[in-house]
Amino acid sequence: MATNDCHSPAFIVDILDLNDAVSRFLIAVEGLNSKVLYAVKACSLASVVEQVGLGVNGFATSSLFEARLARGLAHGDQTVHFTSPGLSDMATSEIATLCDYVAFNSVEQLRRAGPNFSLERKEPFAVGLRVNPQMSFVEDPKFDPCRPSSKLGVPIEFLAEQWKKDEAAVSNVSGLLIHSNSESEDWSQLEAVVGKCEGLIPDALHACEWINLGGGYIIEGTTDITPLRSVIQRLNERYGLTVFIEPGFGIVNNSCDIVTSVVDILRSDGQAVAVVDTSVNHVPEVFEYQYSPAVAEASEHGEWTYVLAGCTCLPGDVFGEYRFDRELRVGERLTFKFVGAYSFVKAHMFNGINLPTVYVRLPSGELVMEREFTYEDYASRMGVKKDESLRERV
Ligand SMILES: Cc1ncc(COP(=O)(O)O)c(C=O)c1O
């Protein structure tokens, strides 16, 4: 099937792009004592997790459902890792049976849930602590794991004291997790974070067996990965640590597009507005962070300017202003590029707008439909029961 024959809107996963992204991370750590995990929160579609799973050493998860999904799709000796600020008592025992590595988010969480884990889990598994290195690189606090009063991880200065004062509390901790960045291509920032850890918590580094450096970084064709390699090498050699990295965005973002159709063109305050059959429902970060995704058919110096607007009644459901070399027509297709991360996983059906149909583009170029959504998916989420109306029950 060609792109023009697929349903609209469509969420298209490109297998070759996905393989390339995975390879870039695997090559970056080649020859070092390091493992690459995929953070499934970025895109949890089974086809993505399975394809990425052909290359990576395991999966990073942050909820019970993600852990179930990852464990179900993991194979061989792939490991499942978990960290969450919201580990509920109810989920604890199942997480313990599903996951191999758990990085507790706080000393309190470790104290409360740690003993249950040891009881539930038959074979040994790895207990870790998430550390907040208290170094901010991200301008927007909505994205910054190290924002003031962050809920994410044990503040490093507190951990430094704790490690000296109360060794019993951390006696079963064999690893540390640090995730402190977002969409950064500058791996020297990670080097600075590790340098701070070496300065403040050297005893913890010596005592542990593994360290997880999190996600938050990308590798493009020209990215300098020297700082990543030298950091891993130092952690391997000086402290004997196995080093995990767990990118999400960096693996999936550039591998998926949304194909949409123009459903109306109108003028408003002298501006041409093209309404498309997708919406910020399908790429919520466009609305949350007010950015404009790239459009394949747009052209920087084109003479036709359009506001591309989503099809819900939310006034701010707008992708941005784009220029084109030609006049747009109702019915034609446009492609939002590089929208794989944090889009489908956050997509919802506000206004009763259906989710995009999911396709995989095979290496041959052929498109294969993976999942189509229907009114029944919407109705069942909204609690419509097939055989009994609310009116009959009250
Ligand atoms: C602990 C942890 N690891 C990995 C990731 C993946 O980050 P990214 O998708 O930016 O690579 C996140 C994202 O929130 C995270 O919180």
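Visitor: Honestly, the overall build of the protein chain in this entry has me stumped. Any pointers?
Guide: When you go through the protein chain residue by residue, the secondary structure sums to 13 helices and 17 strands. For the protein chain, whose C-alpha radius of gyration is 23 Å, the value lies close to the compact-globule estimate of 21 Å for 394 residues. Viewed in the frame of its principal axes, the protein chain has a C-alpha envelope of about 65 × 60 × 40 Å. Looking at the protein chain residue by residue over its 394 residues, the buried ones come to 52%.

Visitor: Honestly, the packing of aromatic side chains in this entry has me stumped. Any pointers?
Guide: Aromatic ring pairs are defined here through the distance separating the ring centres and the angle between the ring planes. Within this structure, the stated rule accounts for 10 aromatic pairs. With 5.1 Å between their ring centres and 70° between their planes, Tyr 101 and Phe 244 make a pair best called edge-to-face. Of this pair, Tyr 101 sits in strand 5 (residues 101–104) while Phe 244 sits in strand 10 (residues 242–245), placing them 143 residues apart in sequence. For Phe 244, a relative accessible area of 1% corresponds to the buried category.

Visitor: Hey, could you run me through unusual backbone geometry in this one?
Guide: Keep in mind that most residues, glycine aside, have a negative phi and that most peptide bonds are trans. Residue Pro 9 is bonded to the preceding Ser 8 through a cis peptide linkage, with omega at -5°. Among the secondary structure elements, Pro 9 is positioned in the segment before strand 1 (10–14). Located in the positive-phi region is Gln 134, a residue other than glycine, with phi close to 55°. Summarising the element assignment, Gln 134 is placed in the loop between strand 6 (126–132) and strand 7 (154–155). The exposure class assigned to Gln 134 is partly exposed, which follows from its relative accessible area of 35%. The backbone of Ser 149 sits at a positive phi, close to 55°, despite the residue not being glycine.

Visitor: I would appreciate a short explanation of a nonpolar patch on the surface in the present structure.
Guide: Taken together, Tyr 375, Met 382 and Val 384 make up a surface patch of nonpolar side chains, about 340 Å² in accessible area. Positionally, Val 384 belongs in the loop between helix 12 (375–381) and helix 13 (390–393).

Visitor: Got a minute to help me understand the domain arrangement of the protein chain in this structure?
Guide: Where the parts come together, the accessible area they lose is often given as the size of the interface. For the protein chain, the assigned domains are domain 1 (3–10 + 254–381) and domain 2 (31–247). Between the C-alpha centres of domain 1 and domain 2 there is a distance of 34 Å. Taken together, the contact between domain 1 and domain 2 spans 13 residues of the former and 10 residues of the latter. Summing both partners gives a buried area of about 870 Å² for domain 1 against domain 2, and 67% of it is carried by carbon and sulfur. On the domain 1 side of the interface with domain 2, the three residues burying the most area are Tyr 289, Tyr 342 and Val 345, jointly 49% of the side's total. One can count zero salt bridges joining domain 1 with domain 2. The tally of links between domain 1 and domain 2 comes to one residue pair in polar contact (both at pLDDT 80 or more).

Visitor: How should I be thinking about the nonpolar core in this particular structure?
Guide: Most often, soluble globular proteins have nonpolar side chains that are buried together. Tyr 38, Ile 95, Leu 176, Leu 213 and Leu 308 are the most contacted members of the largest nonpolar core, which has 103 residues in total. Here this core gathers at least three residues from each of two domains, domain 1 (3–10 + 254–381) and domain 2 (31–247). Discounting chain neighbours no more than four positions away, the residues touching Tyr 38 are Cys 43, Val 48, Val 49, Val 52, Val 56, Gly 58, Phe 59, Ala 60, Pro 247, Gly 248, Ile 251 and Val 252. Within the second largest apolar cluster, six residues are counted, among which are Ala 10, Ile 12, Tyr 359 and Leu 367.

Visitor: Where do I start with the pairing of strand 12 (residues 271–276) in this structure?
Guide: The side chains of a regular strand alternate between the sheet's two faces. Of all six residues making up strand 12, five are buried, and the element is well covered by its neighbours. Across six bridges, strand 11 (residues 256–268) lies against strand 12 in antiparallel orientation. Bridge pairing in strand 12 places Arg 267 opposite Ala 272. As consecutive antiparallel partners, strand 11 and strand 12 are separated by two residues, and within that stretch Asp 269 has a phi angle of approximately 50°, a positive value. Pairing of strand 12 with strand 13 (residues 304–309) involves three bridges; the strand directions are parallel. Bridging across to strand 13, Val 273 finds its partner in Val 307.

Visitor: Please explain the side chain of Thr 83 as it appears in this structure.
Guide: Assignment of secondary structure puts Thr 83 in the loop between strand 4 (79–82) and helix 4 (89–98). Engagement of the side chain of Thr 83 in a polar contact is seen with the backbone oxygen of Ala 103, the distance being 2.7 Å. When residues no more than four places from it in sequence are discounted, the contact partners of Thr 83 are Thr 61, Ser 62, Ala 103, Arg 130 and Leu 177.

Visitor: Even after reading the chapter, I still don't get the environment of Thr 335, so can you show me in this structure?
Guide: You can see Thr 335 is positioned in strand 15 (residues 333–336). Each C-alpha atom of the pair Thr 335 and Glu 297 lies 6.9 Å from the other, and the pair is 38 residues apart in sequence.

Visitor: Quick question: what am I supposed to make of helix 1 (residues 15–28) here?
Guide: Helical periodicity: at 3.6 residues per turn, an α-helix aligns residues three or four positions apart in one direction. Relative to the 20 Å expected for 14 residues at 1.5 Å per residue, helix 1 spans 20 Å between its end C-alpha atoms, a close match to the ideal helical length. Burial in helix 1 covers these residues: Ile 15, Leu 18, Ala 21, Val 22, Phe 25 and Ala 28. In a view along the axis of helix 1, the buried residues occupy a sector of 165°, so they form one face of it. Measuring from the backbone nitrogen of Leu 16 back to the side-chain oxygen at the start of helix 1 gives 3.0 Å, which picks out Asp 14 as the cap.

Visitor: Any chance you could explain the packing of helix 6 (residues 156–165) against helix 7 (residues 188–200) here in plain terms?
Guide: Any two packed helices are characterised by the angle at which their axes cross and by the distance between the axes. Close contact between helix 6 and helix 7 brings their axes to 10 Å; oriented N to C, the two are set at 30°. Considering the angle they form, helix 6 stands roughly parallel to helix 7. Judged by the twist between their axes, the crossing of helix 6 over helix 7 is right-handed. Side by side, helix 6 and helix 7 meet where Ile 156, Glu 157 and Ala 160 of the first sit next to Lys 196, Cys 197 and Leu 200 of the second. Taken together, the residues of the contact of helix 6 with helix 7 sort by class into four nonpolar, no polar and two charged.

About the cut-offs
- Residues numbered from 1 in each chain as written.
- Predicted model: local features only at pLDDT ≥ 70, side-chain atom pairs only at ≥ 80, totals over all residues.
- Heavy atoms only, no water.
- Helix = DSSP H or I, 4+ residues; strand = E, 2+ residues; numbered from the N terminus.
- Rg over C-alpha atoms; globule rule 2.2 N^0.38 Å.
- Buried < 20%, exposed > 50% of the residue type's maximum accessible area, 1.4 Å probe, protein only.
- Phe/Tyr/Trp six-rings, centres within 6.5 Å; stacked < 30°, edge-to-face > 60°.
- Patch = residues over 30% accessible without salt bridge, like charges linked within 9 Å, V, L, I, M, F, W, Y side chains within 5 Å.
- Areas by Shrake-Rupley, 256 points an atom, 1.4 Å probe, with all protein chains shown as cover.
- Salt bridge = Lys/Arg side-chain N within 4 Å of Asp/Glu carboxyl O.
- Domains from an automatic or database assignment.
- Contact = heavy atoms within 4.5 Å.
- Buried area = accessible area lost by both parts, 1.4 Å probe.
- Polar contact = N/O pair within 3.5 Å; in protein donor to acceptor, adjacent residues only side chain to side chain.
- Core = buried A, V, L, I, M, F, W, Y, C linked by side-chain atoms within 4.5 Å.
- Pairing = 2+ DSSP bridges.
- Expected span 1.5 Å × (residues − 1).
- Arc of directions from axis to C-beta.
- Axes fitted to C-alpha atoms, helices over the stretch in contact; angles between N-to-C directions.
- Parallel < 35°, antiparallel > 145°, perpendicular 65-115°, else oblique.
- Left-handed = near helix turned anticlockwise from the far one by under 90°.
- Nonpolar A, V, L, I, M, F, W, Y, C, P; charged D, E, K, R; others polar.

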